[in-house]
Amino acid sequence: AQSVTQPDIHITVSEGASLELRCNYSYGATPYLFWYVQSPGQGLQLLLKYFSGDTLVQGIKGFEAEFKRSQSSFNLRKPSVHWSDAAEYFCAVGGARTAGNKLTFGGGTRVLVKP
Amino acid sequence: DVKVTQSSRYLVKRTGEKVFLECVQDMDHENMFWYRQDPGLGLRLIYFSYDVKMKEKGDIPEGYSVSREKKERFSLILESASTNQTSMYLCASSPRQGNQPQHFGDGTRLSIL
């Protein structure tokens, strides 16, 4: 069975500081990995995705993530956080062996940005 | 851009009512999904559909049913609403190819009184 763990429920970061959100997954084959962001009262917006190839992927809004197969991790990073990055972030895993393109989501990490 | 539209942003219903949540996508996607979102639990899959009239149970299907009569529309039905079904409900769609992301609607916040 596939699963995703986001160890940090809340993270507080100062504006302009760097941000790293952790994601660990379990999947029995090559995973498809995604990061989504959810602003209050909104649906989920895709930040970036990894399927194959280069393990460092770039996304929208200045985010990047690195796939590390040996650690079963797909951590999200941003060098300098803006106040508008305050939101909840979800990591998700799927794959070619998953029927119907289903995804499994982590519990989410809520990011607070201090001025 | 893909547009996934959920018919209501907020909905208040009473215990025992039959509740319909509607979702429409405009990108001819084969797959459609219904999730519920609760604090600390992330998104949990209720049902999904990979074709018209096809449906598969997700992780938490109890108390729910779905209908997909047309490719663009996927309905979630609460047969007899209960207070523990108060939640945020999110609909998503994706193409058939497994390496494509899901696209989400803005959600329906449902309160059962």
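Each remark here, short or long, concerns the structure printed above.
Report follows, based on the coordinates. Predicted model, so just to flag it, every value in this text is computed and none were measured. (Residues numbered from 1 in each chain as written. Chains lettered and ligands numbered in written order. Predicted model: local features only at pLDDT ≥ 70, side-chain atom pairs only at ≥ 80, totals over all residues. Heavy atoms only, no water.)

1. Brief notes about the pattern of salt bridges
Inference 1: Under the criterion given, the structure shown has 11 salt bridges over all chains.
Inference 2: For Glu64 of chain A, the salt bridge goes to Arg77 of chain A, with nearest N and O atoms at 3.3 Å. Here Glu64 of chain A, found in strand S8 (residues 64–68), pairs with Arg77 of chain A, found in strand S9 (residues 73–78); they are 13 residues apart in sequence, far enough to count as distant.
Inference 3: With a shortest N-O distance of 3.1 Å, Asp28 of chain B and Lys71 of chain B are connected by a salt bridge. Placement of Asp28 of chain B in the loop between strand S3 (19–25) and strand S4 (31–38) and of Lys71 of chain B in the loop between strand S7 (64–70) and strand S8 (73–78) is noted, with a sequence separation of 43 residues between them.
Inference 4: For Lys71 of chain B, a relative accessible area of 26% puts it in the partly exposed group. (Salt bridge = Lys/Arg side-chain N within 4 Å of Asp/Glu carboxyl O. Helix = DSSP H or I, 4+ residues; strand = E, 2+ residues; numbered from the N terminus. Buried < 20%, exposed > 50% of the residue type's maximum accessible area, 1.4 Å probe, protein only.)

2. Thoughts on the interface of chain A and chain B
Inference 1: On the side of chain B, 23 residues touch chain A, which itself brings 21 residues to the contact.
Inference 2: Buried area between chain A and chain B, both sides added, is near 1700 Å², and the carbon and sulfur share of it is 55%.
Inference 3: Summed over the three residues of chain A that lose the most area to chain B, namely Asn101, Lys102 and Phe105 of chain A, the buried surface amounts to 29% of that side.
Inference 4: Taken together, the connections running from chain A to chain B amount to 3 residue pairs in polar contact (both at pLDDT 80 or more).
Inference 5: Put simply, the parts of the chain that give the side of chain A that touches chain B at least two residues each are strand S5 (31–38), strand S6 (44–50) and strand S10 (87–95) of chain A.
Inference 6: It is S5 of chain A that contributes the most residues to the side of chain A that touches chain B, 4 residues altogether.
Inference 7: By residue class, the composition of the side of chain A that touches chain B is 10 nonpolar, 8 polar and 3 charged. (Contact = heavy atoms within 4.5 Å. Buried area = accessible area lost by both parts, 1.4 Å probe. Polar contact = N/O pair within 3.5 Å; in protein donor to acceptor, adjacent residues only side chain to side chain. Nonpolar A, V, L, I, M, F, W, Y, C, P; charged D, E, K, R; others polar.)

3. Some points on the sheet that holds S3 of chain B
All names here are of chain B.
Inference 1: On the basis of which strands lie adjacent, the open sheet formed by 4 strands has the order S1-S3-S8-S7 and antiparallel pairing. Of all strands in the sheet, those bounded by a partner on one side alone are strand S1 (4–6) and S7. Between one strand and the next, the sheet's axes are offset by a mean angle of 20°, whatever the strand orientation.
Inference 2: For S3 and S8, the ladder comprises 6 bridges, and the chain directions are antiparallel. What sits directly across from Leu21, in S8, is Leu76. (Pairing = 2+ DSSP bridges. Axes fitted to C-alpha atoms, helices over the stretch in contact; angles between N-to-C directions.)

4. Examining the side chain of Ser65 of chain B
Inference 1: The topology assignment puts Ser65 of chain B in strand S7.
Inference 2: Reaching out from Ser65 of chain B, the side chain makes a polar contact with the side chain of Glu79 of chain B at a distance of 2.7 Å.

5. Remarks on the packing of aromatic side chains
Inference 1: According to the stated counting rule, one finds 15 aromatic pairs over all chains in the structure shown.
Inference 2: Aromatic side chains Phe105 of chain A and Tyr35 of chain B sit 5.4 Å apart centroid to centroid with 85° between the ring planes, which places their arrangement in the edge-to-face category. Here Tyr35 of chain B lies in strand S4 and Phe105 of chain A lies in strand S11 (residues 104–105), a pairing that spans two chains.
Inference 3: Pairing Phe33 of chain B with Phe48 of chain B gives two aromatic rings, centres 6.1 Å apart and planes at 20°, and the pair type is stacked. (Phe/Tyr/Trp six-rings, centres within 6.5 Å; stacked < 30°, edge-to-face > 60°.)

6. Notes on the nonpolar core
All names here are of chain A.
Inference 1: In this structure, Trp35, Leu48, Phe74, Leu76 and Tyr89 are the most contacted members of the largest nonpolar core, which totals 27 residues.
Inference 2: Only strand S2 (10–14), strand S3 (19–21), S5, S6, S8, S9, S10 and strand S12 (109–114) provide two or more residues apiece to this core.
Inference 3: For this core, the element with the highest residue contribution is S10, accounting for 4 residues. (Core = buried A, V, L, I, M, F, W, Y, C linked by side-chain atoms within 4.5 Å.)

7. Structural notes on unusual backbone geometry
Inference 1: In this structure, Lys61 of chain A takes a positive phi of about 60° despite not being glycine.
Inference 2: In this structure, Lys61 of chain A sits in the loop between strand S7 (56–58) and S8.

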